[in-house]
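Residue-level structural notes
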Amino acid sequence: MLRAGSAVTCIACMNLLPSRMGVKFRVPLQKLHPLSRAIQHRYSSNNNQQRPPHCSAARHYTSLSRLPMRPHKSRSGGHGYQQHRSFWVARLAARLLKLRYILLGSAVGGGYTAKKTYDEWKDMFPDMSQYTWIVPDFVWELSENIDLDKLASALPELEKIAKLLPDMEKIGENFTFLKSLLSTGLGSEVNGASGLHLLLETTGESTLRVTDVPPTSAAMSDSSDKQFKKSYDKEKIDQLQEELLRTQSKYQRMLERLEKENKELRKVVLQKDEKGIHQRNVKKSLIDMYSEVLDILSYYDSNYNTQDHLPRVVVVGDQSAGKTSVLEMIAQARIFPRGSGEMMTRSPVKVTLSEGPHHVAIFKDSTREFDLGKEEDLAALRHEIELRMRKSVKEGQTVSPETISLSVKGPGIQRMVLVDLPGVISTVTAGMAADTKETIFSISKAYMQNPNAIILCIQDGSVDAERSIVTDLVSQMDPQGKRTIFVLTKVDLAEKNLASPSRIQQIVEGKLFPMKALGYFAVVTGKGSSNESIDSIKDYEEDFFQKSRLLRDGMLKAHQVTTKNLSLAVSDCFWKMVRESVEQQADVFKASRFNLETEWKNNYPRLRELDRNELYEKAKNEILDEVISLSQVTPKHWESILQKKLWERVSTHVIENIYLPAAQTMNSGTFNTTVDIKLKQWTDKQLPHKALEVAWETLQEEFARFMAEYKGKDQDDIFDKLKEAVKDESIKRHKWNERAMDSLRVIQHNALEDCSITDKPQWDAAIQFMEETLQSRLKDTDSIIADMVGPDWKQRWLSWTNRTPEQHIRNETKNELERVLKLHEDHTAYLANDEVTTVRKNLEARGVDVDPVLIKDTWHQLYRRHFLQKALLHCNLCRRGFYYYQRHFVDSELECNDVVLFWRIQRMLAITANTLRQQLTNTEVRRLEKNVKEVLEDFGEDTEKKVQLITGRRVQLAEDLKKVREIQEKLEAFIEALHKEK
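Residues numbered from 1 in each chain as written. Predicted model: local features only at pLDDT ≥ 70, side-chain atom pairs only at ≥ 80, totals over all residues. Heavy atoms only, no water.

Spatial strand order, β4-β3-β5-β2-β6-β1-β7-β8-β9: nine strands in an open sheet with mixed pairing. Every other strand in the sheet has two partners, leaving β4 (370-371) and β9 (519-522) as the edge strands with one partner each. The pairing of strand β2 (residues 349-355) with strand β5 (residues 404-410) spans seven bridges and is classified as parallel. Following the sheet pairing, Lys350 is matched in β5 by Ser405. (Pairing = 2+ DSSP bridges. Helix = DSSP H or I, 4+ residues; strand = E, 2+ residues; numbered from the N terminus.)

Written as structure tokens, this is what we have:
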């Protein structure tokens, strides 16, 4: 400051000297001393210059030039000329002795000029009141430490200057030395001020260039002395630049130390807030509110096709350009999976950055916190992101438009919302889907076409700029560059590989690419190793730019480098865009809400606005009520249904495979033996399985019947599809208890082995069961025979129908076979080969050509009818046979073993139905109810399933109303919090 004060004093001295000085001298200019000639030439050039304020000293100085002069004498007179020369020397010495008065006046004028210059510089600086916490306190105390009195007292004493006056040569040397000394001091002080200006400069403002350091002094020097201007040569500029970088580095280290201390203090405060000590809103709550709005909007936008114009930072760039690395530097953690030349970002990742006491990450749909300070948690987080990306990609695709939402909190992290997009590619390689390139372009355009989205365009500085694809895409989306920030990565490799460093300057000045941008930044994101920590990358980046000649030569400005400055600039742009657009977006959703509410009132005036989740809960309760109704079915109803369905399932087997073969035997002993063997085989292999199938089908039918009968006038048709899906899925999942089969087999075997009919009602019930069964079979057989032979004469006359040729052959065959049965009523169930030949020849004799297979098939149905008719006659005879049965048919020609068979079957059916009923009511109904609950829970967690099963305009309208109201409320809460923060 002493040197600065001296320099200002020197300038003030020159301003105080009047323009007439030296003109009144009678001595020719060629005879003057060199110092006097310098004064003469310097101050006689501007004759119109105004007199400075301090003129008392100037008048005293001028009066010396107006002393009485001797008469002019010719030069030829030697003695006179010598006296004239001696007097000139005396006058010059007298004037020089008055220098103390000049210095005194200059000190006063210099102080005034210094104060005026200080005020002008102070007005030139931007308003830094918002960033006062960044700058150390001693910087603001500099102005208080400047004392003009001390500066004046520090000037050399007048006595010392007077001692130097007699030696004129030393006076000239001292003036030259003083000039160089003052120029060096002034440059140093301006250098320090320039470093401070660079340190405090915000994004978008120009940095104070070294070549612009002394504008005031240079302008005055140009008008005063060309020699003073030439002193700023190339060597002096290099020295000033080096000193500028040292000053900037010094303040940068000091700033980092203060930021570290500030971060620790904020961490302590946030921890106290987290514990509830301070009940106040911190900054992280604001960005969390905004991120929540974006999450709801992303879901709403995909379903309602609305336009989401809320700002977010969209990170785009070519593949392997360093997008993920830049985002990790901003988030201060290595959170993304990495690969060498491989596409790692397969879906958009929305990262919400906010301030918090702990450095953690958490997914939107999860409660697990990943501690970013632990390497194992970082590895787990990267693995989870990779799994989510691969899960979101559909089969046959390479990338997915589904967004993965992640929140990162930590001390000192700038608040913003960034979306990392898949890297833009130029060629589809092996293993990629054919439409990968187009899909990436469509995803990128979908995010960038938002007029309020901030585009963070990442360009790899280590490759040729002409190979970039993303710059053309960005210039299409934002041709004016009003919301684009350009970032040049890998500057260290670019500086090393490029032969012309000015190419980097052209890039960061926006002169190389056709695209325009708000700002241009150059960053270094490490040496290329995936094992580097964030701190080591920061240190490497700072060391590089401190030593880089790009910054030293002025090709890059201080505010354009490091990811830290980039983060600050992006955060400022983000919040500026948020404040400008959020209220307009809130008005849009307010209008949408009004339209939706009007549509609901006109179409569904008497219904509540239930969204899909609320409707699902209502349907869930109804379905559970219907399942519970199964337990209210009476045992008699269960047993009746089970017995009926089981006999329908096994009756054919009993008649065809057990009763008919046994009835062909010659005596009762063989009949009973055949029946016992076949019943045992049937029980061991088929009967238990058939019984369980019948029980399971009965349970399904009753479940479906209850769900259908539960539907009344208040039932909503919107649930039909859901109920059907729940029923099918529950039945599909239900597995009958296989352990019950073994016990059921034993029960059925014991029931069929019992041949003891204890009373007459049981005998009559068995005869009735047998008679109903035989009549049903006889009816079915008659229907089959009628279809085989065609209409009889009555139907032909009344219905005007005729037999087909095949039916005619069948009818002739039937008539011939009936003659055989009349001749042999006790004929066996099968025709012998000679009998088939006889029948065929008899038919051929009547002109009917018939196949032996047709004869046997017709015989089977005719004999079956003949047998059933005889069995019914025998059943009627056995109605009075209970007395003979009790005596074991001794001394009786009547044998009713077939009645005992049907009683055994009937008793087995009743016992099996009772057993199955107990299993149904005690076990299977509860297990089915449990399955239904599980299905409902699974459907409730599957959003896509609910969308498929609960559909309709009413549902969609209620969904949209709910979302719009939620978005509007959250936007209004966010706007209110945003205004409070202002």
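Having put the structure on the table, let's press on.
On to a negative patch on the surface. Residues Glu402, Glu941, Asp942 and Glu944 make up a contiguous surface patch of negative charge. Structurally, Glu402 is set in the loop between α16 (375-392) and β5. (Patch = residues over 30% accessible without salt bridge, like charges linked within 9 Å, V, L, I, M, F, W, Y side chains within 5 Å. Areas by Shrake-Rupley, 256 points an atom, 1.4 Å probe, with all protein chains shown as cover. Salt bridge = Lys/Arg side-chain N within 4 Å of Asp/Glu carboxyl O. Lys, Arg positive; Asp, Glu negative; His and termini not counted. Charge placed at Lys NZ, Arg CZ, Asp CG, Glu CD.)

This part covers unusual backbone geometry. Of note in the backbone geometry, Ser320 takes a positive phi value of approximately 65 degrees without being a glycine. With respect to the helices and strands, Ser320 occurs in the loop between β1 (313-317) and α15 (323-331). Despite not being glycine, Lys490 has its phi angle at roughly 55 degrees, a positive value. Tracing the backbone through its elements, the reader meets Lys490 in the loop between β8 (484-489) and α19 (491-497).

A word on the state of the cysteines. This structure, assessed with the given rule, holds one disulfide. Sulfur-sulfur distance for the disulfide between Cys878 and Cys896 comes to 2.1 Å. Taking the torsion about the S-S bond as the criterion, the Cys878 to Cys896 disulfide, at about -100 degrees, is left-handed. With Cys878 in the loop between α34 (852-877) and α35 (882-886) and Cys896 in the loop between α35 and α36 (897-941), this residue pair connects regions lying 18 residues apart in the sequence. By relative accessible area, Cys896 is classed as buried at 0%. (Disulfide = S-S within 2.5 Å. Buried < 20%, exposed > 50% of the residue type's maximum accessible area, 1.4 Å probe, protein only.)

Applying the stated criterion across every chain, the model contains 14 aromatic pairs. Each ring, one from Phe486 and one from Tyr520, has its centre 5.8 Å from the other, and the planes form 50 degrees; the classification is tilted. Placement of Phe486 in strand β8 and of Tyr520 in strand β9 is noted, with a sequence separation of 34 residues between them. Taking relative accessible area as the criterion, Phe486 reaches 0% and is therefore assigned buried. Seen from their ring centres, Phe769 and Phe902 are 5.9 Å apart, and the 70 degrees between their planes marks the pair as edge-to-face. Of this pair, Phe769 sits in helix α30 (residues 760-789) while Phe902 is found in helix α36, placing the two residues 133 residues apart along the sequence. There is no split in this pair, since Phe769 and Phe902 are both buried. Sitting above the plane of the Phe363 ring, Arg388 keeps its charged end 4.0 Å from the centroid. (Phe/Tyr/Trp six-rings, centres within 6.5 Å; stacked < 30°, edge-to-face > 60°. Lys NZ or Arg CZ within 6 Å of the ring centre and 35° of its normal.)

To continue, consider the side chain of Asp898. Residue placement: Asp898 occurs in helix α36. Aside from chain neighbours lying at most four places away, what touches Asp898 is Tyr659, Phe671, Met770 and His874. (Contact = heavy atoms within 4.5 Å.)

Two side chains bearing opposite charge may form a pair once their charged atoms approach each other closely. On inspection of all chains with the given rule, the structure shows 45 salt bridges. Here Arg388 and Glu384 are joined by a salt bridge, their closest N and O atoms 3.0 Å apart. On the criterion of helical spacing, the pair formed by Arg388 and Glu384 is a turn pair, its members being four residues apart in helix α16. Under the relative-accessibility criterion, Glu384 is labelled partly exposed at 26%. Linking Glu597 and Arg965 is a salt bridge whose minimum nitrogen-to-oxygen distance equals 3.1 Å. In this pair, Glu597 sits in helix α23 (residues 563-603) while Arg965 sits in helix α38 (residues 953-981), placing the two residues 368 residues apart along the sequence. Take Arg965: its relative accessible area is 22%, and that puts it in the partly exposed class. Several salt bridges converge on common partners, so that one network encompasses Arg593, Glu597, Glu609 and Arg965.

Let's shift gears to the environment of Asn497. Among the structural elements, Asn497 can be located in helix α19. The class for Asn497 is exposed, based on a relative accessible area of 52%. Spatially, the C-alpha atom of Asn497 lies 7.4 Å from that of Ser462, the residues being 35 residues apart in sequence.

Moving on, we get to the packing of helix α32 (residues 805-823) against helix α33 (residues 833-845). For any two helices packed against each other, the geometry comes down to the angle between their axes and how far apart the axes lie. In the contact formed by α32 and α33, the axes pass within 10 Å of each other and the chain directions differ by 130 degrees. The angle between the axes of α32 and α33 places the two elements in the oblique class. Between α32 and α33 the crossing geometry is right-handed. Every residue of α33 that contacts α32 at Glu812, Thr813, Glu816, Leu817 and Val820 is listed here: Val839, Asn842 and Leu843. Looking at the contact of α32 with α33, its residues break down into four nonpolar, two polar and two charged. (Axes fitted to C-alpha atoms, helices over the stretch in contact; angles between N-to-C directions. Parallel < 35°, antiparallel > 145°, perpendicular 65-115°, else oblique. Left-handed = near helix turned anticlockwise from the far one by under 90°. Nonpolar A, V, L, I, M, F, W, Y, C, P; charged D, E, K, R; others polar.)

Given a rise of 1.5 Å per residue, 18 residues ought to cover 26 Å, and the 26 Å separating the end C-alpha atoms of α16 matches this to within 8%. Residues Asp377, Leu378, Leu381, Arg382, Ile385, Met389 and Ser392 constitute the buried set of α16. When α16 is viewed along its axis, its buried side chains cluster within an angular range of 140 degrees and face the same direction. Opposite the buried face of α16, by more than 90 degrees, sit the exposed residues Glu376 and Lys391. Where the residues of α16 are buried, they touch β2, β3 (360-363), β4 and β5. (Expected span 1.5 Å × (residues − 1). Arc of directions from axis to C-beta.)

Taken together, the side chains of Trp793, Trp797 and Leu798 present a nonpolar region at the surface, about 480 Å² in accessible area. Assignment of secondary structure puts Trp797 in helix α31 (residues 793-799).

Further remarks concern the nonpolar core. Within the largest apolar cluster, 99 residues are counted, with the highest numbers of intra-cluster contacts made by Tyr659, Trp682, Trp763, Ile905 and Val932. Take this core: its biggest share by element is 17 residues, from α36. The residues contacting Val932, other than those within four sequence positions of it, are Ile623, Leu624, Val627, Phe703, Val726 and Ser730. Listed in part, the 64 residues of the second largest apolar core include Leu327, Ala361, Leu406 and Ile967. (Core = buried A, V, L, I, M, F, W, Y, C linked by side-chain atoms within 4.5 Å.)

Of all residues in the protein chain, 70% have pLDDT values of 70 or greater, and the mean over the chain is 75. Of all helices and strands in the protein chain, the one with the weakest mean pLDDT is helix α3 (residues 56-63) (35), whereas β1 scores best (92). For the stretch residues 275-284, pLDDT sits under 50, and the model shows 16 contacts to residues farther than four places along the chain or on other chains. Note that pLDDT drops below 50 for residues 302-306; the model gives that stretch six contacts with residues more than four away or on any other chain. (pLDDT = per-residue confidence, 0-100.)

Turning our attention to the pairing of β5. Taking burial as the measure, the seven residues of β5 include six buried ones, the bulk of the element. In this sheet, β5 lies alongside β3 in antiparallel orientation, the contact comprising four bridges. In the strand pairing of β5, Ile362 is matched with Ser407.

A word on α33. For α33, with 13 residues, the first-to-last C-alpha span of 18 Å sits near the 18 Å given by 1.5 Å per residue. Among all positions in α33, only Val836, Val839 and Leu843 are buried. All buried residues of α33 fall inside an arc of 65 degrees around its axis, so they share one side. Across from the buried face of α33, at angles greater than 90 degrees, the exposed residues are Asn833, Asp834, Lys841 and Ala845. Residues of α33 that are buried sit in contact with α32 and α34. Trailing α33 by a residue or two, Gly847 shows a phi angle of about 85 degrees, which is positive.

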